[in-house]
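What follows is each chain in one-letter form.
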Amino acid sequence: MTDRFKALFVHFLTASGAVFAMLAMLAAVEEKWGLMFVWLVVAFAVDGLDGPLARKFQVKSNAPQYDGVLMDLIIDYLTYVFIPAYALFKSGLLPGWTGWTAIILITFASVIYFADTRMKTKDNSFAGFPGCWNMVVIVMFALKPDFWVILTIVAVLAVAMFTPLRFIHPIRTERWRSVSLPIALAWTFFAAWAAWVDFHPQSWAHWGLTVTSLYLLFAGLVQQAIPERQRE
């Protein structure tokens, strides 16, 4: 298998995320929320795999005719932002004007953030909340908090996108990666489990989803508050 073929395979793997996005959207239109999130979790897993593979097989030099970064951003906007925002709006978790407020905040703020060339920090974390609304919305579906709580969380995170607050990338942020990566894998498992049982209120997946989400949300802020000691 040639290096070019391997690099093309990685591009095709990235592109498969668009198919999973369409399957998720079709499920969302039919209000099959559990199935929708199953497809979004599959897309999330693909997104976690294609980056390391792209770097390993050097896609920029071996298959430069395709822009993997652009491809990834397009699919990420669909699976991380657009479809979760639609689901939040149509689910009834945010009634009336609150639903409109949420989808406007989510979609508008996210498209600006995704186009910001300063989104990555030197340690490969994200500067500002990275628009992972799929992760936020699935927790909302699992826990079903009061609509004021949901709206407040959406507003706070939308503002946080344009702050210097740091949020980890569980694969690329080296600090605490030995903890962050297993927790990200655990989050994927709990998210898939919660979606598979259609967010049954007695599912233990909700607890795992909540705990892992809190770590992924706040780990970067803790790292920022406690600077790493310089090695001598």
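Residues numbered from 1 in each chain as written. Predicted model: local features only at pLDDT ≥ 70, side-chain atom pairs only at ≥ 80, totals over all residues. Heavy atoms only, no water.

Asker: Just to check I follow, could you spell out the packing of helix 5 (residues 97-114) against helix 7 (residues 147-160) for this structure?
Answerer: The relative placement of two packed helices is expressed as an angle between their axes plus a distance between the axes. At their nearest, the axes of helix 5 and helix 7 sit 10 Å apart, and the two run at 20 degrees to each other. The angle between helix 5 and helix 7 falls in the class roughly parallel. Considering only the axes of helix 5 and helix 7, their crossing is left-handed. Taken together, the residues of helix 7 that come into contact with helix 5 (itself represented by W97, T98, T101, A102, L105, I106 and A109) are F147, W148, L151, V154, A155 and A158. Residues belonging to the contact of helix 5 with helix 7 are distributed by class as follows: 11 nonpolar, 2 polar and no charged. (Axes fitted to C-alpha atoms, helices over the stretch in contact; angles between N-to-C directions. Helix = DSSP H or I, 4+ residues; strand = E, 2+ residues; numbered from the N terminus. Parallel < 35°, antiparallel > 145°, perpendicular 65-115°, else oblique. Left-handed = near helix turned anticlockwise from the far one by under 90°. Contact = heavy atoms within 4.5 Å. Nonpolar A, V, L, I, M, F, W, Y, C, P; charged D, E, K, R; others polar.)

Asker: Help me understand the environment of Y77, please; the structure alone is not making it clear to me.
Answerer: Here Y77 shows up in helix 4 (residues 68-90). C-alpha separation for the pair Y77 and P64, spaced 13 residues apart in sequence, amounts to 22 Å. Non-local contacts of Y77, meaning those with residues more than four positions away in its chain, are made with F82, T107, S110, V111 and F114. At 2.9 Å, the side chain of Y77 forms a polar contact with the backbone oxygen of T107. (Polar contact = N/O pair within 3.5 Å; in protein donor to acceptor, adjacent residues only side chain to side chain.)

Asker: Could you clarify how one ought to interpret the packing of aromatic side chains in this entry?
Answerer: On inspection of all chains with the given rule, the structure shows 17 aromatic pairs. Centre to centre, the rings of F44 and W187 are 5.0 Å apart; their planes meet at 55 degrees, and the pair counts as tilted. Of this pair, F44 sits in helix 2 (residues 33-56) while W187 sits in helix 8 (residues 177-196), placing them 143 residues apart in sequence. Ring geometry for F147 against W148: centres 5.1 Å apart, planes inclined by 35 degrees, an arrangement best described as tilted. On the basis of relative accessible area, F147 is assigned to the partly exposed category, the value being 26%. Members of the aromatic cluster, connected to one another through ring pairs, are W33, F37, F141 and F199. (Phe/Tyr/Trp six-rings, centres within 6.5 Å; stacked < 30°, edge-to-face > 60°. Buried < 20%, exposed > 50% of the residue type's maximum accessible area, 1.4 Å probe, protein only.)

Asker: Would you mind going over helix 5 with me for this structure?
Answerer: Side chains three or four residues apart in an α-helix point the same way, a direct result of the helix having 3.6 residues per turn. Between its terminal C-alpha atoms helix 5 stretches 26 Å, which fits the 26 Å expected from 18 residues at 1.5 Å a residue. If you check which residues of helix 5 are buried, you get T98, G99, A102, I103, I106, A109, S110, Y113 and F114. Buried residues of helix 5, viewed axially, fall in a sector of 160 degrees; they line one side. What points out from helix 5, more than 90 degrees from its buried face, is the exposed set W97, W100, I104 and F108. Those residues of helix 5 that are buried are in contact with helix 4, strand 1 (126-127), helix 6 (133-143) and helix 7. (Expected span 1.5 Å × (residues − 1). Arc of directions from axis to C-beta.)

Asker: Is there a simple way to think about the side chain of N134 in this case?
Answerer: Mapped onto the fold, N134 is located in helix 6. Classification of N134 by relative accessible area gives buried; the value is 5%.

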